[in-house]
Amino acid sequence: FDELDTIPRGLAIDRDGFPWVGTYGDGLLRRLDPDSGEVLRVVETGASIYGMAIDARGVLWMSTLSEAGLAAYDTVRDQLLGSWSLPGCTTPYGIAVDERGNIWLGTWSCDTLVRFDRASFDAGTVRVDAFESELLRETRGVAVDGDGNVIVADQSNHRIRKIASDGLVTTIAG
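Remember, predicted model here, so these are calculated numbers, not experimental data.

K.L.:
Any chance you could explain the overall build of the chain here in plain terms?
P.N.:
In terms of regular secondary structure, the chain is built from 1 helix and 16 strands. For the chain, the residues scored as buried account for 47% of the 174 residues in total. For the chain, the proportion of contacts with a sequence separation of at least 24, taken over those separated by at least 6, is 30%. Here the chain displays about 8500 Å² of accessible surface, and carbon together with sulfur accounts for 48% of that area.

K.L.:
Sorry if this is basic, but what is going on with the sheet that holds strand β4 (residues 39–44) here?
P.N.:
What holds strands together in a sheet is hydrogen bonding between their backbones, with the strands either parallel or antiparallel. With respect to topology, 4 strands assemble into an open sheet ordered β1-β2-β3-β4, the strand pairing being antiparallel. Unpaired on one side and paired on the other, β1 (8–13) and β4 mark the two borders of the sheet. Averaged over all adjacent pairs, the angle separating strand axes in this sheet is 20 degrees, with direction ignored. The pairing of strand β2 (residues 19–23) with strand β3 (residues 28–32) spans 3 bridges and is antiparallel. What sits directly across from Trp20, in β3, is Arg31.

K.L.:
Can you help me understand the nonpolar core in this one?
P.N.:
A general trend in soluble globular proteins is that nonpolar side chains are found buried together. One finds Ala53, Val59, Trp61, Leu70, Ala72, Trp84, Leu86, Ile95, Ile103, Leu105, Val114 and Phe116 forming the largest nonpolar core, which totals 12 residues. Within the residue set of this core, elements represented by two or more residues are β6 (59–64), β7 (69–74), β10 (103–107) and β11 (112–117). The contacts of Ala53, once residues within four sequence positions are left out, are Ala12, Val59, Leu60, Trp61, Ile95, Ala96 and Val97. Ranked by size, the runner-up nonpolar core spans 11 residues in total, among them Trp20, Val43, Ile49 and Tyr73.

K.L.:
Explanation requested: the environment of Tyr73 in the structure shown.
P.N.:
Within the fold, Tyr73 resides in strand β7. Judged by its relative accessible area of 1%, Tyr73 falls in the buried class. Taking the C-alpha atoms as reference points, Tyr73 and Val59, 14 residues apart in sequence, are found 5.7 Å from one another. Residue contacts for Tyr73: discarding those within four places in its chain leaves Trp20, Leu29, Arg41, Val43, Gly58, Val59, Leu60, Met62, Asp78, Gln79, Leu80 and Leu81.

K.L.:
What's the story with the pattern of salt bridges in this structure? I'm lost.
P.N.:
Any two side chains of opposite charge can pair, so long as their charged atoms come close to each other. Inspection of the entire model under this criterion finds 5 salt bridges. Residues Arg30 and Asp26 are paired through a salt bridge, measuring 3.2 Å at the closest nitrogen-oxygen approach. Look at Arg30 and you get buried, because its relative accessible area is 7%. The shortest N-O distance in the salt bridge between Glu99 and Arg100 comes to 2.7 Å. In the salt-bridge network here, residues are joined through shared partners; they are Asp98, Glu99 and Arg100.

The rules we used
Residues numbered from 1 in each chain as written. Predicted model: local features only at pLDDT ≥ 70, side-chain atom pairs only at ≥ 80, totals over all residues. Heavy atoms only, no water. Helix = DSSP H or I, 4+ residues; strand = E, 2+ residues; numbered from the N terminus. Buried < 20%, exposed > 50% of the residue type's maximum accessible area, 1.4 Å probe, protein only. Contact = heavy atoms within 4.5 Å. Areas by Shrake-Rupley, 256 points an atom, 1.4 Å probe, with all protein chains shown as cover. Pairing = 2+ DSSP bridges. Axes fitted to C-alpha atoms, helices over the stretch in contact; angles between N-to-C directions. Core = buried A, V, L, I, M, F, W, Y, C linked by side-chain atoms within 4.5 Å. Salt bridge = Lys/Arg side-chain N within 4 Å of Asp/Glu carboxyl O.

Put into structure tokens, the structure is as follows:
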């Protein structure tokens, strides 16, 4: 990672325990040996990777600034699956995958939280849902808890928000 144009931004662990690192400057994915740190695989994505998460199927999802959206790579079949833009938003940030395989993106300049619907993706289309609320401003970090609630770091409001499966937004810290 000493190259001038390489900034490690994304990090995820696959189901076999191997770390994957995504870099912003050169758009490369690197699979590392978990013990030695040796680079075992390099994948060119063509995207400026910002965040990463791996789902139960082994698909590595990336929030990307260059494409202003989402990209996917199948770590099992060693195949890029594609990339998708966020309608009306150019700044995806944090990323998480819920138990149904839906992909959640925080967007730091769009005041929304975005969900890519996994069922529509599997059916050959991509449905994007935007969750907007006066309680969400510049969402950054995103995580999903064991109950399926989406937890969001709301930067502008200095709050941590929880979005329940019914869409109710509550403040849990700040």
